[in-house]
Amino acid sequence: KEFTTRTVEGCRITYRAVPMDDEQLYGPSSMEQLPFPSPRVLSGCGVPEVTPVLERLLPHLDRGVLLWVAPEGVFAKRQCQGRVYWSGPLAPNKDQPNKLERDRKS
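Draft legend 1. Molecular detail of the overall build of the protein. Helix and strand counts for the protein come out as 3 helices and 6 strands. Helices (α) and strands (β) of the protein occur, in sequence order from the N terminus, as β-α-β-α-α-β-β-β-β. Each principal axis of the C-alpha distribution contributes one length, and for the protein these read about 40 × 40 × 25 Å. Counting every position in the protein, which comprises 106 residues, the buried fraction comes to 25%. Of the contacts made within the protein by residues no fewer than 6 positions apart, 38% connect residues no fewer than 24 positions apart. Roughly 7,500 Å² of accessible area belongs to the protein as shown, and the carbon and sulfur atoms make up 56% of that amount. Between the mean site of the 15 positive side-chain charges and the mean site of the 13 negative ones, the protein shows a separation of 4 Å.

And the structure:
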């Protein structure tokens, strides 16, 4: 699914909506929230055995991943407990996934 944010602050990819009262913990409250599809919706894609696995993993993404654009480039910050990996033309490792470290801008 394609998503375009309309806020300067960017967006947060998360499992569920986060409280907007603690910007220190959750980031800017004006960020658009982009929720992951529910595991039940994804099970309709022909692989029903992934539903229980996703139901155990997604709560670890509760604080989400922040994404925003600045003049220097596109940035991401992992705030959740779950491990997040990325790849792209500027990735340090081209032959393997690159871990997005928690609470560190990349």
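Back to the write-up after that little detour.
Draft legend 2. Fine view of the confidence of the model for the protein. Across the protein, the average pLDDT comes to 82, with 92% of residues at 70 or higher. The element-level mean pLDDT for the protein is lowest in helix 2 (residues 39-43), coming to 70, with strand 6 (residues 98-99) highest at 91.

Draft legend 3. Representation of the packing of aromatic side chains in the model. Counted by the stated rule, this structure contains 1 aromatic pair. Look at W68 and F75: their rings are 5.9 Å apart centre to centre, the planes differ by 20 degrees, and that puts the pair in the stacked class. By relative accessible area, F75 is classed as buried at 14%.

Draft legend 4. Structural context of the sheet that holds strand 4 (residues 73-78). Spatially, 4 strands are ordered 2-1-3-4 in an open sheet, and the strand pairing comes out mixed. The outermost strands of the open sheet, each flanked by one partner alone, are strand 2 (32-35) and strand 4. Averaged over all pairs of adjacent strands, the angle between strand axes in this sheet comes to 25 degrees, irrespective of strand direction. Pairing analysis gives 6 bridges linking strand 3 (residues 65-70) to strand 4, with the strands arranged antiparallel.

Draft legend 5. Main features of the pairing of strand 1 (residues 11-14). When strand 1 meets strand 2, the two strands line up parallel, connected through 4 bridges. Bridge assignment links T14 to a residue of strand 2, and that residue is P35. Pairing of strand 1 with strand 3, which is carried by 3 bridges, proceeds in the antiparallel orientation. Considered in strand 3, the bridge of R12 is made with L66.

Draft legend 6. Spotlight on a negative patch on the surface. Residues E9, D21, D22 and E23 make up a contiguous surface patch of negative charge. Here E23 shows up in helix 1 (residues 23-26). E23 gets classed as partly exposed once you look at its relative accessible area, which sits at 45%.

What counts, and where the lines are drawn
Residues numbered from 1 in each chain as written. Predicted model: local features only at pLDDT ≥ 70, side-chain atom pairs only at ≥ 80, totals over all residues. Heavy atoms only, no water. Helix = DSSP H or I, 4+ residues; strand = E, 2+ residues; numbered from the N terminus. Buried < 20%, exposed > 50% of the residue type's maximum accessible area, 1.4 Å probe, protein only. Contact = heavy atoms within 4.5 Å. Areas by Shrake-Rupley, 256 points an atom, 1.4 Å probe, with all protein chains shown as cover. Lys, Arg positive; Asp, Glu negative; His and termini not counted. Charge placed at Lys NZ, Arg CZ, Asp CG, Glu CD. pLDDT = per-residue confidence, 0-100. Phe/Tyr/Trp six-rings, centres within 6.5 Å; stacked < 30°, edge-to-face > 60°. Pairing = 2+ DSSP bridges. Axes fitted to C-alpha atoms, helices over the stretch in contact; angles between N-to-C directions. Patch = residues over 30% accessible without salt bridge, like charges linked within 9 Å, V, L, I, M, F, W, Y side chains within 5 Å. Salt bridge = Lys/Arg side-chain N within 4 Å of Asp/Glu carboxyl O.

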